[in-house]
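# Per-entry structural report
Chain by chain, the residues:
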Amino acid sequence: MCGTYEVIVTKSPCSDNQAPDSNGSTPNHVRTNGIAPHHHHPQPIVSLDHGDPTMYEEYWKKAGQRCSVTMSGFQSLSYFGDGKTLCWFMEKKLEDEIRKLHKVAGNAVVDGKHIVVGTGSSQLILAALYALAYTLDIPNPVDVISAAPYYSSYPEMIEFLRTGLFKWSGDARCFDKDVPYIEFVTSPNNPDGSTREATVMNRGELGMLVHDLAYYWPQYTAITSAADHDLMLFTASKCTGHAGSRIGWAVVRDENVARKMVKFIEMNTIGVSKEAQLRSASVMELISLSCQKRKPCDVENFFDYSQCTLADRWKRLRDVVTKNQLFSLPKFPANYCNFRREVVETYPAFAWMKCKEGIDGERLLREHKIGTRSGRRFGCEADYVRISMLSRDEDFDLFLHRLSTIQPTANGNQN
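Anyway, here's the lowdown on the structure attached to this text. From a predicted model like this one, the values you see are computed outputs, not experimental measurements.

Basis of the calculations
Residues numbered from 1 in each chain as written. Predicted model: local features only at pLDDT ≥ 70, side-chain atom pairs only at ≥ 80, totals over all residues. Heavy atoms only, no water. Helix = DSSP H or I, 4+ residues; strand = E, 2+ residues; numbered from the N terminus. Contact = heavy atoms within 4.5 Å. Pairing = 2+ DSSP bridges. Axes fitted to C-alpha atoms, helices over the stretch in contact; angles between N-to-C directions. Phe/Tyr/Trp six-rings, centres within 6.5 Å; stacked < 30°, edge-to-face > 60°. Buried < 20%, exposed > 50% of the residue type's maximum accessible area, 1.4 Å probe, protein only. Lys NZ or Arg CZ within 6 Å of the ring centre and 35° of its normal. Patch = residues over 30% accessible without salt bridge, like charges linked within 9 Å, V, L, I, M, F, W, Y side chains within 5 Å. Areas by Shrake-Rupley, 256 points an atom, 1.4 Å probe, with all protein chains shown as cover. Salt bridge = Lys/Arg side-chain N within 4 Å of Asp/Glu carboxyl O.

## What about the overall build of the protein?
Looking only at helices and strands, the protein features ten helices and 17 strands. Relative to all contacts within the protein whose residues are 6 or more apart in sequence, the contacts with residues 24 or more apart total 73%.

## With respect to the sheet that holds strand 4 (residues 114-119)
As summarised here, the arrangement of the seven strands in space is 4-10-9-8-7-5-6, forming an open sheet in which the pairing is mixed. Of all strands in the sheet, those with a lone pairing partner are strand 4 and strand 6 (166-171), marking the two edges. Neighbour to neighbour, the strand axes of the sheet diverge by 25° on average, direction disregarded. With six bridges joining them, strand 7 (residues 181-186) and strand 8 (residues 207-212) adopt parallel strand pairing. Paired with Tyr181 across the bridge in strand 8 is Gly207. Contacting strand 4, strand 9 (231-235) and strand 10 (247-252), helix 6 (residues 255-269) crosses the sheet at an angle of about 20° to strand 4.

## Details of the packing of aromatic side chains
Evaluation of the coordinates by the stated rule reveals 25 aromatic pairs. Relative to Tyr181, the ring of Phe175 has its centre 5.4 Å away and its plane inclined at 55°; by these criteria the two rings are tilted. For the pair Phe175 and Tyr181, one class covers both residues: buried. When the centroid spacing of 5.8 Å and the interplanar angle of 75° are considered together, the rings of Tyr215 and Tyr220 count as edge-to-face. A relative accessible area of 6% places Tyr215 in the buried class. Judged by relative accessible area, Tyr220 falls into the buried class, the value being 2%. Here the aromatic residues Tyr56, Tyr59, Trp60, Trp217, Phe234, Trp249, Phe302, Phe303, Tyr305 and Phe339 are joined through ring pairs into a cluster of three or more. The ring of Phe396 has Arg313 sitting right over it, with the charged end atom 4.9 Å from the ring centre. Above the face of the Phe350 ring, Arg386 is positioned so that its terminal group lies 3.8 Å from the ring centre.

## Let's talk about the environment of Tyr336
Structurally, Tyr336 is set in strand 12 (residues 335-337). Since its relative accessible area comes to 44%, Tyr336 is described here as partly exposed. Sequence separation between Tyr336 and Ile223 is 113 residues, and the spatial gap between their C-alpha atoms is 7.6 Å. With residues up to four places along the chain from it excluded, the contact list for Tyr336 reads Ala222, Ile223, Thr224, Arg341, Glu342 and Val343.

## Looking at helix 4 (residues 153-161)
All buried positions along helix 4 are accounted for by Ser153, Tyr154, Pro155, Met157 and Ile158. Buried-residue contacts for helix 4 involve helix 3 (120-136), strand 5 (142-146), strand 6, strand 7 and strand 8. Of the residues trailing helix 4, Arg162 is marked for its positive phi of about 55°.

## Re the sheet that holds strand 14 (residues 350-355)
An order of 11-14-17-16 is seen for the four strands of this open sheet, with the pairing classed as antiparallel. In this open sheet, the two strands that pair with only one neighbour each are strand 11 (327-328) and strand 16 (373-374). Two strands pair when backbone bridges link them, and strand 14 and strand 17 (residues 384-388) are joined in this way by five bridges, in the antiparallel orientation. Bridge pairing in strand 17 links Trp352 to Arg386.

## Comments concerning a nonpolar patch on the surface
Taken together, the side chains of Tyr79, Phe80 and Ile270 make up a nonpolar region of the molecular surface, amounting to roughly 350 Å² of accessible area. Relative to the elements of secondary structure, Tyr79 occurs in the loop between helix 1 (57-63) and helix 2 (92-105).

Below, the structure is given as structure tokens:
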């Protein structure tokens, strides 16, 4: 093999065994320019452990300066937004664009509901737990549950605070207490891409639900209906790809719950960056424009572009997996999508890959310089791994190449 490669290392304050997810900062990340390395150079690890949505860079490069936001030194000095909404630090422009985008995508009912903006959905997850648990006013911490495989950051975030208001109680399928609880319903689910509904049923007023709909957008799945739940969470990182802006939002039916969420954010960060809000509003405005029939001819439909990219990646990954006997991937049903007005396939943001029974998937792939996240972090077995489908092209290509070199031996083990 010949040629050279460039190694770019971006350090993160996080340790390797606690790399953050789609809602956190980027962990150690190594990239190559796709050229085969010299033998004497170390092979860099291609990190697909986190959900860093750099796949979207190409689209936004083509958009050029259309979403640029220029602010003068005197602008946005105040803590307060320019609207008269319940979320006092939210920019009215952002609220308007959030409501418009949901109506364009058809994925959520927003009329008559409150919008609460947060520093990514991570802050809103904790704000929702605070608001719901606080309203109960009970002496013991409220049990928080989610069906396995659940989002790996739920237990980490909940236990990190060591609060007396709520506690992590694990897999919702194993929950049988006759006490108040909060269930996270993540749909499409992170990590396995499945469509989810509440697991714990028929508990009357004991149960409260938080619907995490970060991936309920047309590039990932069919929009079968406009979600109309009491408390729904969304994030720009998975909708638009702008994880670095740290913008998330909640759509909340109950005014008291919304007010308590706002209070949590007020006490936590005294609001959310105005610069980030205005940038996100500009990005959402362009996405809504790109979906219109009458639009500038040089603006490509954002959801079409994203879906085509993911469809190509999923096809190539399935081709590689089919050629060996060590891995398997879930299959997803096709559904009619109200946004596209046709039957569409599902292309999740993560691949939930199962290795042959008895093989530690994360360890196996790390031996081949592929960084993934073990199923143990999601409440499952170690033969499962979660792999991000949202990396840059060169990272994804390198991942497929290395995955294709892992072959079973005569005795069934990997080589």
